[in-house]
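Understanding the architecture of this molecule
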Amino acid sequence: MTQATSDASQLHHWLAAIAKQDGRAFQALYDATSAKLFGFALRILNKRELAEEVLQESYVNIWNNAANYQASLAAPMTWMVTIVRHRAIDQLRRLDHDVEIDGEDFDMGLLHTLESTEPTPTRTLELSQDARALSSCMSRLENAHRQAMALAFFHDLSHSEVAQQLSLPIGTVKTWIRRGLDKLRMCLNSREAS
């Protein structure tokens, strides 16, 4: 079991306990995820006090909606990032900013960064440049390869689960993911070289 899979499993366990109003599980979830979610909110809002407010609202939302979390639809961190993202966008709209946020352009590389084991928001913000590079390189992949990789890495699905989800042979999925990783590596290396 990989670190990301065990982390997702632990987050899922805490969410299930929070759905039963377990305060200790909520505290453990907060301790494990708040730095990353704060970094994400700060990246959108660019103001510490607004990010803190959004983070607080997001955890209230997580507490109130943990029973509605469905592991089949999203990894736990992805679900929580989505809550923070919606709250941050709502905050921008409340401030009457001219907000143009396109879901297609959402930096999926940031999700990978947020799901890493690096806990500090400062480090998360430093990695945002790498996340943008990853997102740019991901956008150059064939749609099918990108979809297979997203299911495997952003939703923590095994190769066989990805194959089942896409109704494809497992060998095809493994080949697509391997080729996609090779292309990502080449793209990222060429960006570093320039």
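Here is what the cut-offs are and how they apply
Residues numbered from 1 in each chain as written. Predicted model: local features only at pLDDT ≥ 70, side-chain atom pairs only at ≥ 80, totals over all residues. Heavy atoms only, no water. Axes fitted to C-alpha atoms, helices over the stretch in contact; angles between N-to-C directions. Helix = DSSP H or I, 4+ residues; strand = E, 2+ residues; numbered from the N terminus. Parallel < 35°, antiparallel > 145°, perpendicular 65-115°, else oblique. Left-handed = near helix turned anticlockwise from the far one by under 90°. Contact = heavy atoms within 4.5 Å. Nonpolar A, V, L, I, M, F, W, Y, C, P; charged D, E, K, R; others polar. Phe/Tyr/Trp six-rings, centres within 6.5 Å; stacked < 30°, edge-to-face > 60°. Buried < 20%, exposed > 50% of the residue type's maximum accessible area, 1.4 Å probe, protein only. Disulfide = S-S within 2.5 Å.

With that settled, consider the packing of helix 3 (residues 48-65) against helix 4 (residues 76-94). Contact geometry of helix 3 with helix 4 gives a least axis separation of 9 Å together with a crossing angle of 130°. For the element pair helix 3 / helix 4, the angle class is oblique. As for how helix 3 packs across helix 4, the hand of that crossing is right-handed. Facing Leu50, Glu53, Val54, Glu57, Ser58, Asn61, Ile62 and Asn65 of helix 3, the residues of helix 4 in contact are Trp79, Met80, Ile83, Val84, Arg87, Ala88, Gln91 and Arg94. Each residue belonging to the contact of helix 3 with helix 4 can be placed in one class, and the counts come to 8 nonpolar, 4 polar and 4 charged.

Turning our eyes to something else, we now look at the packing of aromatic side chains. Considering all chains together, one arrives at 4 aromatic pairs under this definition. Where Phe26 meets Trp63, the ring centres are 5.2 Å apart and the plane angle is 80°; that geometry is what we call edge-to-face. Of this pair, Phe26 sits in helix 2 (residues 23-45) while Trp63 sits in helix 3, and the two are 37 residues apart along the sequence. Take Trp63: its relative accessible area is 24%, and that puts it in the partly exposed class. Three or more aromatic residues link up through ring pairs in this structure, and these residues are Phe26, Tyr30, Tyr59 and Trp63.

Moving on to the state of the cysteines. Per the counting criterion, the structure on display carries 1 disulfide. Disulfide pairing is shown between Cys137 and Cys187; the S-S distance is 2.0 Å. Handedness here is read from the sign of the S-S torsion; for Cys137 and Cys187, about -75°, the answer is left-handed. Here Cys137, found in helix 6 (residues 121-139), pairs with Cys187, found in helix 9 (residues 170-193); they are 50 residues apart in sequence, far enough to count as distant. Under the relative-accessibility criterion, Cys187 is labelled buried at 10%.

Turning next to unusual backbone geometry. Positive phi outside glycine occurs at Asn46, with the angle close to 60°. The exposed category is assigned to Asn46, whose relative accessible area is 62%. Unlike most non-glycine residues, Ser167 shows phi in positive territory, near 55°. Along the chain, Ser167 falls in the loop between helix 8 (159-166) and helix 9. Relative accessible area serves as the criterion here: at 65%, Ser167 is assigned to the exposed category.

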